[in-house]
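# Fold and geometry: a report
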Amino acid sequence: MAKKTVASLQKGEGRTYSKVIKMVKSPKTGAYTFQEQMVPNDQVQSTLK
């Protein structure tokens, strides 16, 4: 299954997106969690701010 997803991202529109992983601190526990998002390449910098 994963191969089909990766293969579809390599064709056409898939190359215009990047996977962004942010480390976010939980306000309740203080533990860090990771948030993953697929964003267009031109919005990567604004997503990380």
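Look above for the structure.
Structural notes, computed from the coordinates. If you're wondering where the values come from, they're calculated on a predicted model, not measured in any experiment.

## Examining the pairing of strand E2 (residues 32–40)
As judged from the 9 bridges shared by strand E1 (residues 17–25) and E2, these two strands associate in the antiparallel manner. Note that in E2 the partner of Ile21 across the bridge is Glu36. Connecting E1 to the next strand, E2, in antiparallel fashion are 6 residues, including Gly30 with a positive phi near 85°.

## Considering the side chain of Thr47
Counting through the fold element by element, Thr47 comes out in helix H2 (residues 44–48). The class of Thr47 is buried, set by a relative accessible area of 17%. Ignoring any residue separated from it by four or fewer positions in sequence, one finds Thr47 in contact with Val20, Lys22, Gln37 and Val39.

Calculation notes
Residues numbered from 1 in each chain as written. Predicted model: local features only at pLDDT ≥ 70, side-chain atom pairs only at ≥ 80, totals over all residues. Heavy atoms only, no water. Pairing = 2+ DSSP bridges. Helix = DSSP H or I, 4+ residues; strand = E, 2+ residues; numbered from the N terminus. Buried < 20%, exposed > 50% of the residue type's maximum accessible area, 1.4 Å probe, protein only. Contact = heavy atoms within 4.5 Å.

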